[in-house]
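Residues per chain are reported as follows:
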Amino acid sequence: MFAFSLLPRLLAGHLLQAPADPAAEVRHLLLDSRRVGLPAGALFFALRGPSHDGHRYLPALYAQGVRLFIVEAAHELPGGLSAYPGAGIMAVPSSLAALQALAAAHRATFAGPVLAITGSNGKTIVKEWLAQLLSPDEDICRSPRSYNSQVGVPLSVWELNPARHTLGIFEAGISEVGEMARLAEVIKPTEGIFTNLGTAHDAGFASHEQKLREKLKLFQGPQLQRLFYCYDQPLVRAAVAELQLPGFSWTRQPDQPADVYFAAVTSADGPTRWRARTANDTHEFTLPFADEPSVENALHCLAVLLHRGVEPAELQRRLTRLHPVAMRLEMKLGRHDSYLLDDTYNNDLAGLSLALNALARQPRPGRRTLILSDVLESGLGSAELYAQVAALLPAAGITRLIGIGEEISQLGVKSEGLRVAALEAAESEPQLSTQFFPSTEAFLAQLNPANFAREVVLIKGARRFGFERIVAALQAQQHGTVLEVNLDALSHNLQHYRRQLRPGTRLMVMVKAFAYGAGSYEVASLLEFQRADYLAVAYADEGIALREAGISLPIMVMNPAPDSFDLLRHYRLEPEIYSFEMLDEYLATFRTLDETAPPAPRIHLKLDTGMRRLGFDEADLPALLARLRTHAAHLPVASAMTHLAAADDPAHDDFTQAQLAAFRRMAAALEEALGHPVIKHALNSAGILRFPDAHFDMVRLGIGLYGVDASGRDTDALRPVSELRTTISQIKTLPAGHTVGYGRRGVAADVARRIATLAIGYADGYDRRFGNGAGMVLIRGQRAPLIGSVCMDMCMVDVTSIPDARAGDVAVVFGEGLPLPELAGRIGTIAYELLTNVSERVKRVFVSE
Ligand SMILES: *Cc1c(COP(=O)(O)O)cnc(C)c1O
């Protein structure tokens, strides 16, 4: 905690206005106007990003009671200083640097050890496991989930409490040169772990070595006492030696000069025994995991605990209890139109607060219920703990709390403590109803899923409460096929395209065709959160569905039926106008509106520069301009647009340049006729990357957001968003000469084959052209070719070469390891078609870290 009055000196800032309360203290750091939990003591940092400006939200924050602000300049304050009476406001050259400096000053008040983790993979899991393994000895402050960025690290470090914690564990991740040095200043680690150096090409770095050098900057402060790393990574080993870092290394190769040698005693499936040889001793341990990434992560942890001298029998006891880290918050469709946020892994305060933030972001209407277990590991007394819990609820719109567990139900029943605290926190009259159950069983015994109809339900419980049983009871039935949509990958891809844009260029995102099959509402909701500027859909119905689900971004409708114009106005949807007939219809509908009616929707004029599909031709221009001049008052033109016929194909670049030139001419003439500028936009995903000079005022991002690189230039920079997977229903052995399926088209030619039947067919959108060897799926990491024809609800694959394949196994139909463009190529189509074909009967599951 720091007094606000200290900040100008501490952060080298310039005080614009002193707070009404001269002793005001900073208790929480706030970066997002949608996440105001407790306004008292919150200090807001107005951060600026490529397409985001925190200054815009000052009035909203002030209205919510926030009184302490850090801004980048006085003239950035909407409404001027006088709009914020009583607030403390300070200007700094960079809000981000100020946030980091404040966290660094806070870090300096903590005298205990701080361990920092970086590397390409495994940071979050190593951090979580170390916290599990060390929790009997230490009171640990750690980053929530994967808060490892330029803003995540300061927020995490701010949570260090010198009066309580005995150890800090923070992860640090970077994407550009220069970032790590800043994080090192904030964390100032006394110990470190370098997990590994991945092989993936990283956009922000010139080379592998540069990336490594940059990451190691985390460990170059004089306070560092120990760096744990794997000796078997030659680049890492060489760099640690060259920089003379105080290393502690482990190896899996015999006869290496590392501090610990780990040798696998058995290598069969299942729990694996490892022998650990240090300078003094040899001990054997059983790890509860056998897959390679988990083994590597666990060996890092083992090295740390061996170095700390934890007694081997005790160490084994803790290892045995180690459990997998569920990294993701899953969003699932529930029964009776409910919507579930499933977060049943841990339940501490930081995790709860993150989950509530995710809930707060859901614009979906409907009552919000929190099903919450006892909150663990807080180190607070239960009255204080649940007062803090209650204070978090109003901001997420929770109107019903179901508490499960001895502790929470005692408190709730005895004193209505939660209810009272929540009332105080909200100050107004929140309609919070509460129910308490001593155990999950007691809750399940009386559960009626209809009581949650049309609600948004956050299910948040520590592992031992087994809340997955509650999720199973509330979840809509699934047949074995799901499309998993990774919202973090979507955000990642969005940022990738954003980085290509000049500041101020707007971003329209195409969510037509059910957001390319990914689920329009969830994608739109994420885009709203990520502050996209516009959405676009093909038909009015799609736009109406988004509005009804609570999406408020501007939405363009590309092909509205003229008789839907009145509906468009009602739902604030903006039509694309591509012909004189439509223009006249629009005028006929809206010209005679009386003053009290809501305003007519803004329009987007489509210009045909060579696609020859929809739009006004250049030859139509004189007539169009005449109409615009005559009716300017009744034609609120928002934008002028064109669409390229071959943005992805260098062979047609001359044609593309001619299209862009025509667009420039036509748009200029339009603006002159209208007497005002309009938003001009021409580029789709491929165009954004290939024609940086033609971004104009806005671009229209489509397939790239969904992880497919249509330009062929940036494949490595995008993350796949969707994974379609199904399960094996049955496995049969097909003797030589026998046939499979309809028309007997699959034949086991000369030897017996093992055939797996999968629960997916063309009615799920799985293309029939994949039949008879054209397609393949991924089972246990190996490819299995289709055999026979694809049926309506099933298909068959040959798993002869995957002897351990079993009924119930997952088969990946497309996703990581089975990229869409490759599959599309095999049947002569494009990734767009495979994505948008996934039928609506396939359940969508949305995951995020
Ligand atoms: C679908 C669409 C886009 C997006 O195209 P991608 O290739 O998916 O990026 C852009 N503009 C218009 C008019 C579209 O119909």
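On a predicted model such as this, the values are computed, not experimentally measured, just so you know. (Residues numbered from 1 in each chain as written. Predicted model: local features only at pLDDT ≥ 70, side-chain atom pairs only at ≥ 80, totals over all residues. Heavy atoms only, no water.)

(A) Inspection of the overall build of the protein chain at higher detail. Within the protein chain, the secondary structure is distributed over 27 helices and 42 strands. For the protein chain, whose C-alpha radius of gyration is 29 Å, the value lies close to the compact-globule estimate of 29 Å for 849 residues. Overall, the C-alpha framework of the protein chain stretches about 90 × 90 × 65 Å when taken along its three principal axes. Counting all 849 residues of the protein chain, 54% fall into the buried class. Put simply, 68% of the contacts in the protein chain that link residues at least 6 apart link residues at least 24 apart. In the structure as shown, the protein chain presents an accessible area of about 35,000 Å², 51% of it carried by carbon and sulfur atoms. Positive and negative charge centroids in the protein chain, built from 82 and 93 side chains respectively, lie 2 Å apart. (Helix = DSSP H or I, 4+ residues; strand = E, 2+ residues; numbered from the N terminus. Rg over C-alpha atoms; globule rule 2.2 N^0.38 Å. Buried < 20%, exposed > 50% of the residue type's maximum accessible area, 1.4 Å probe, protein only. Contact = heavy atoms within 4.5 Å. Areas by Shrake-Rupley, 256 points an atom, 1.4 Å probe, with all protein chains shown as cover. Lys, Arg positive; Asp, Glu negative; His and termini not counted. Charge placed at Lys NZ, Arg CZ, Asp CG, Glu CD.)

(B) Just the packing of aromatic side chains, in detail. Scanning the model with the defined rule gives 17 aromatic pairs in all. Relative to phenylalanine 443, the ring of phenylalanine 437 has its centre 5.3 Å away and its plane inclined at 70°; by these criteria the two rings are edge-to-face. A relative accessible area of 12% means that phenylalanine 437 is categorised as buried. Measuring from ring centre to ring centre gives 6.2 Å for phenylalanine 465 and phenylalanine 467, while their planes differ by 65°; the resulting arrangement is edge-to-face. Look at phenylalanine 467 and you get buried, because its relative accessible area is 1%. An aromatic cluster of at least three residues, connected via ring pairs, comprises Phe44, Tyr62, Phe69 and Tyr84. Lying over the aromatic face of tyrosine 231, arginine 237 brings its terminal NZ or CZ to 4.6 Å of the ring centre. Here arginine 400 stacks its cationic end above the ring of phenylalanine 452, 4.6 Å away from the centre of that ring. (Phe/Tyr/Trp six-rings, centres within 6.5 Å; stacked < 30°, edge-to-face > 60°. Lys NZ or Arg CZ within 6 Å of the ring centre and 35° of its normal.)

(C) Quick peek at unusual backbone geometry. One non-glycine residue, alanine 515, lies in positive phi territory at about 50°. With respect to the helices, strands and loops of the structure, alanine 515 is situated in helix α18 (residues 512-516). The backbone phi angle of phenylalanine 696 is positive, close to 50°, even though this residue is not glycine. Along the chain, phenylalanine 696 turns up in the loop between α25 (685-690) and β33 (698-701). By relative accessible area, phenylalanine 696 is classed as buried at 19%.

(D) Focus on the site of the ligand. Taken together, Met510, Lys512, Tyr516, Met558, His643, Asn684, Ser685, Arg700, Gly702, Ile703 and Tyr832 are the residues near the ligand. Backbone polar atom of glycine 702 to an oxygen atom of the ligand: 3.2 Å apart, as the coordinates give it. At 2.7 Å, a backbone N or O of isoleucine 703 approaches an oxygen atom of the ligand. Protein coverage of the free-state accessible area of the ligand, which is 380 Å², stands at 94%. Each residue belonging to the shell around the ligand can be placed in one class, and the counts come to 5 nonpolar, 4 polar and 2 charged. (Near = heavy atom within 4 Å. Polar contact = N/O pair within 3.5 Å; in protein donor to acceptor, adjacent residues only side chain to side chain. Nonpolar A, V, L, I, M, F, W, Y, C, P; charged D, E, K, R; others polar.)

(E) Structural view of the UniProt feature "binding site: substrate" (unreviewed entry) in the protein chain. Taken from the UniProt record, the annotation "binding site: substrate" (unreviewed entry) applies to Arg613 and Met792. The greatest C-alpha distance among the residues just named is 34.0 Å, and with 180 residues of sequence between them they are spread in space as well. With respect to the element layout, arginine 613 can be found in the loop between β30 (603-606) and α23 (621-631). Given the relative accessible area of 54%, arginine 613 is considered exposed. By the element assignment, methionine 792 lies in the loop between β39 (782-787) and β40 (795-798). With relative accessibility at 45%, the residue methionine 792 sits in the partly exposed group. Setting aside residues no more than four positions away along its own chain, methionine 792 makes contact with Gly761, Tyr762, Ala763, Asp764 and Arg841. (UniProt positions renumbered as here; feature names shortened; annotations may be inferred.)

(F) Representation of the side chain of serine 143. Here serine 143 is to be found in the loop between β11 (140-142) and α5 (152-158). The exposure class assigned to serine 143 is buried, which follows from its relative accessible area of 0%. Among the polar contacts listed, one links the side chain of serine 143 to the backbone nitrogen of glutamate 171, at a separation of 3.2 Å.

(G) Representation of the domain arrangement of the protein chain within the structure. The domain boundaries assigned to the protein chain delineate domain 1 (2-101), domain 2 (109-320), domain 3 (329-477), domain 4 (498-716) and domain 5 (722-848). Using C-alpha coordinates to define each centre, domain 2 is positioned 49 Å away from domain 4. (Domains from an automatic or database assignment.)

(H) Structural detail: the environment of alanine 633. Following the sequence through the fold, alanine 633 ends up in the loop between α23 and β31 (637-641). The exposure class of alanine 633 is exposed, given its relative accessible area of 75%. For the pair alanine 633 and arginine 591, spaced 42 residues apart in the sequence, the C-alpha separation amounts to 9.1 Å.

(I) Focus on the UniProt feature "modified residue: N6-(pyridoxal phosphate)lysine" (unreviewed entry) in the protein chain. Sites flagged by UniProt as "modified residue: N6-(pyridoxal phosphate)lysine" (unreviewed entry) map to Lys512. Mapping lysine 512 onto the fold places it in helix α18. Sequence-distant contacts of lysine 512, defined by excluding residues within four places in its chain, comprise Ala536, Val537, Ala538, Glu542 and Met558.

(J) How the structure looks around the sheet that holds strand β8 (residues 68-71). Read from one edge of the open sheet, 5 strands run β2-β9-β8-β5-β4, paired in mixed fashion. A single partner strand is all that each edge strand has here, and the edge strands are β2 (14-17) and β4 (28-30). Averaged over all adjacent pairs, the angle separating strand axes in this sheet is 25°, with direction ignored. Across 4 bridges, β8 lies against strand β9 (residues 88-91) in parallel orientation. Residue pairing for β9: leucine 68 is matched across the bridge by glycine 88. Contacts between helix α3 (residues 95-107) and the sheet are confined to β4, β5 (42-45) and β8, with β5 contributing the most and set at about 140° to the helix. (Pairing = 2+ DSSP bridges. Axes fitted to C-alpha atoms, helices over the stretch in contact; angles between N-to-C directions.)

(K) Structural context of the nonpolar core. Val511, Leu535, Tyr706, Val777 and Ile779 are the most contacted members of the largest nonpolar core, which has 150 residues in total. If one sorts the elements of this core by residue count, helix α24 (residues 653-674) sits on top with 7 residues. Among residues more than four places away in sequence, those in contact with isoleucine 779 are Ile728, Ala784, Val797, Val799, Ile802, Ala805, Asp809, Val810 and Ala811. Ile117, Leu167, Val310 and Leu315 belong to the second largest nonpolar core, which has 36 residues in total. (Core = buried A, V, L, I, M, F, W, Y, C linked by side-chain atoms within 4.5 Å.)

(L) Structural context of the pairing of β9. Judged by which residues are buried, β9 turns out to be covered on both faces: Gly88 and Met90 on one side and Ile89 and Ala91 on the other are all buried. The pairing of β2 with β9 spans 3 bridges and is antiparallel. Each bridged residue has a counterpart across the sheet, and for leucine 15 the counterpart in β9 is methionine 90.

(M) Structural context of the packing of helix α7 (residues 208-216) against helix α8 (residues 234-242). Axis separation between α7 and α8 bottoms out at 11 Å; the angle between their running directions is 50°. Taken together, the axes of α7 and α8 lie oblique to each other. In the crossing of α7 with α8, the sense of the turn from one axis to the other is right-handed. Contacts between α7 and α8 involve His208, Glu209, Leu212, Arg213 and Leu216 from the former and Leu235, Val236, Ala239 and Glu242 from the latter. Considering only residue class, the contact of α7 with α8 consists of 5 nonpolar, 1 polar and 3 charged. (Parallel < 35°, antiparallel > 145°, perpendicular 65-115°, else oblique. Left-handed = near helix turned anticlockwise from the far one by under 90°.)

(N) Representation of the state of the cysteines in the model. This model, assessed by the stated rule, comprises 0 disulfides. Distance from the sulfur of cysteine 141, which forms no disulfide, to the nearest cysteine sulfur (cysteine 301) is 18 Å. Overall, the relative accessible area of 4% leaves cysteine 141 in the buried class. As a non-bridged cysteine, cysteine 791 has cysteine 795 as the owner of its nearest cysteine sulfur, 7.6 Å distant. Cysteine 791 sits in the buried class, given a relative accessible area of 12%. (Disulfide = S-S within 2.5 Å.)

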